[in-house]
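Read off the chains here:
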Amino acid sequence: MKNHKFIVIEGIDGSGKTTICNYIIKLLKNFNITNIILTHEPGGTPVAEKLRNIIKFTKKENFSYKTELLLIYASRLQLLNNIIRPNINTHWIISDRYDISSYAYQIGGRGINKKYITFLQNFIKNNIKPDIIIYLDIDPIIALQRIKFKKKDRIENESINFFSRVRNYYLKIAKKNKIIKIINANNSLENVKFLVKKKIIKLIKFTEI
Ligand code: TYD
C-alpha cells in the first residue's frame, strides 16, 4: 500500500478551504508525517502564480469565460507537470482546489459546455486523481457573509446566484463520485474541523506510515 495520499479540498469562496488545508497539515504532522506538499489552484508554480494573478485581479479589460477557462487549464498543466507528477509517489500532496473546481465554476457557474472541459482534461493528460476530495458545503449567503470584509477579487464579486449554481454543481458531482466527501461547512469552524478530522484519520489509518 502506498504510504502517502493526494488530498483535495474544494468549496465555494468563503467556505474555509484555506483554514482546513492548514488544519490537515497539522493533523498529518501529529502523526509524524513530514513528507507533505501544500499547494493550491490556480497557482502553485511561478508561472501558474502569474496566471492566478491575472485570473483573480484583471480589472480594466473584458475577461471572457473562455479566457478564464484556458488560463485555469494552463495553470493546472504547470502544477501537474512541475509539482504533482514529480511528487505523487513520494509525498502527501494537499491541494486547495483541483479539477473539480473547473466543473463547478466553469460549467456550473459560467455555463460552459462540459465537452470543452473534457477536451482540456484529455489535452493536458490530467490522469492523476485524488485519493479523497473534501468538499466543504456551505450556503452561499453564509459564505459571502464570511468574506464581506475581505477585499474581493474578480470571481468573489460574483452574485449569490452564481455561487448557488457553483454549489449545486459541486453537489451534483459529489452525489456521483464516492471519493468526494461532503462536509457541512455552515456551522462553526470547530465543528468543520471535527468532521474533517474523522475523515483524515480514517485515511491515515488505511495507510502504512
Ligand atoms: P481561491 O483559491 O478560492 O481564493 P482565496 O485563496 O482568495 O480563497 O481563488 C481561486 C478562484 O479561482 C476562486 O474564485 C475559484 C476560481 N477557480 C475557478 O473558477 N475554476 C477553477 O478550476 C479553479 C481551480 C479556481
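Below is a summary of the structure that appears in this document.

Each value, and the rule that gives it
The residue numbering used here restarts from 1 in each chain and proceeds along that chain's sequence as written. Totals for whole chains, interfaces and linings use every residue, but because this is a predicted model, local features are given only for residues with pLDDT of at least 70 and side-chain atom pairs only at 80 or more, for both listing and counting. Water and hydrogen atoms were dropped before computing side-chain values, which therefore reflect all heavy atoms in the structure. Helix numbers and strand numbers start at the N terminus; a helix is a DSSP run of H or I with at least 4 residues, a strand a run of E with at least 2. Think of it in three bands: with a 1.4 Å probe and only protein chains considered, a residue is buried below 20% of the maximum accessible area for its type, exposed above 50%, and partly exposed in between. By definition in these notes, contact holds between two residues if any of their heavy atoms fall within 4.5 Å. In these tables, accessible area is a Shrake-Rupley quantity obtained with a 1.4 Å probe, and a residue counts as shielded only by the protein chains included in the view. In this count, Lys and Arg are taken as positive residues and Asp and Glu as negative ones, while His and the chain termini are left out. Positions of charges follow a simple convention, taking NZ of Lys, CZ of Arg, CG of Asp or CD of Glu. Only protein atoms enter the calculation, which uses a 1 Å grid: trapped sets of points that fit a 1.4 Å probe without letting it out are cavities, open sets showing protein on both sides within 12 Å along at least five of seven lines are pockets, and any residue with an atom within 4 Å of a point is a lining residue. Grid points are joined across faces, edges and corners, and a volume is the space filled by probe spheres set on the points. The residue classification treats Ala, Val, Leu, Ile, Met, Phe, Trp, Tyr, Cys and Pro as nonpolar and Asp, Glu, Lys and Arg as charged. All others, Gly included, are polar. Pairing between strands is defined by DSSP: at least two bridges between them are needed. Fitted lines through C-alpha atoms give the axes, limited to the stretch in contact for helices. The angle between two N-to-C directions lies from 0 to 180 degrees. As used in this record, nonpolar core signifies buried Ala, Val, Leu, Ile, Met, Phe, Trp, Tyr and Cys residues forming a set joined through side-chain atoms within 4.5 Å. Being near a molecule or strand, for a residue, comes down to having at least one heavy atom within 4 Å of it. What qualifies as a polar contact is a pair of N or O atoms within 3.5 Å, subject to a donor-acceptor requirement within protein and to the restriction that residues adjacent in sequence count only when both atoms come from side chains. By definition, a pocket or cavity contains a molecule when more than half of the molecule's atoms lie within 2 Å of the pocket's grid points.

### What to know about the overall build of the protein chain
Move 1: Of regular secondary structure, the protein chain possesses eight helices and five strands.
Move 2: Helices and strands in the protein chain line up, N terminus first, as β-α-β-α-α-β-α-α-β-α-α-β-α.
Move 3: Each principal axis of the C-alpha distribution contributes one length, and for the protein chain these read about 50 × 35 × 30 Å.
Move 4: The buried share among the 209 residues of the protein chain stands at 51%.
Move 5: Taking the contacts inside the protein chain whose residues are at least 6 apart along the sequence as the reference set, 79% of them involve residues at least 24 apart.
Move 6: Total accessible area on the protein chain stands at roughly 10,900 Å², and carbon and sulfur atoms take up 55% of it.
Move 7: Here the protein chain contributes 38 positive and 16 negative side-chain charges, whose respective centroids are spaced 3 Å apart.

### Side note on the layout of surface pockets
Move 1: Approximately 580 Å³ is the volume attributed to the largest pocket.
Move 2: Lining the largest pocket we find 30 residues, and of these Asp13, Lys17, Arg52, Lys56 and Arg97 sit closest to its centre.
Move 3: Those elements giving two or more residues to the lining of the largest pocket turn out to be helix H1 (17-30), helix H2 (46-57), helix H3 (65-87) and helix H4 (100-109).
Move 4: Classifying every residue of the lining of the largest pocket gives nine nonpolar, nine polar and twelve charged.

### As for the sheet that holds strand E4 (residues 132-137)
Move 1: What the five strands build is an open sheet, ordered E2-E3-E1-E4-E5; its pairing is parallel. The open sheet is flanked by strand E2 (36-40) and strand E5 (180-184), the only strands paired with a single partner. Shown here is a sheet whose adjacent strand axes are inclined to one another by a mean of 20°, direction ignored.
Move 2: Strand direction decides the pairing type here: strand E1 (residues 6-11) and E4, joined by five bridges, are parallel. Bridge assignment links Val8 to a residue of E4, and that residue is Ile133.

### Quick notes on the nonpolar core
Move 1: Counting residues in each nonpolar core, the largest one holds 66 residues, and the members touching the most others are Ile24 and Val196.
Move 2: Once you skip the residues sitting within four places of it in the chain, Val196 turns out to touch Ile20, Tyr23, Ile24, Ile134, Leu136 and Ile183.

### Describing the site of the ligand
Move 1: Near the ligand, the surroundings consist of 16 residues, among which Asp13, Arg52, Lys56, Ser102 and Gln106 are the closest.
Move 2: Between the ligand and Arg52, the relevant distance is 3.0 Å, taken from an oxygen atom to a side-chain nitrogen or oxygen of the residue.
Move 3: Alone, the ligand offers 550 Å² of accessible surface; in the complex the protein occludes 90% of this.
Move 4: In this structure the site holding the ligand corresponds to the largest pocket.
Move 5: If you list the elements that add at least two residues to the shell around the ligand, you get H2, H3 and H4.
Move 6: Top contributing element to the shell around the ligand by residue count: H4, with four residues.
Move 7: In the shell around the ligand, the residues fall into four nonpolar, three polar and nine charged.

### Concerning the environment of Phe6
Move 1: In this structure, Phe6 sits in strand E1.
Move 2: Judged by relative accessible area, which is 0%, Phe6 ranks as buried.
Move 3: As a C-alpha pair, Phe6 and Asn89 span 83 residues in sequence and 9.7 Å in three-dimensional space.
Move 4: Leave out the neighbours within four places in its chain, and Phe6 touches Ile84, Ile88, Ile93, Ser95, Tyr98, Ile128, Lys129, Pro130, Asp131 and Ile132.

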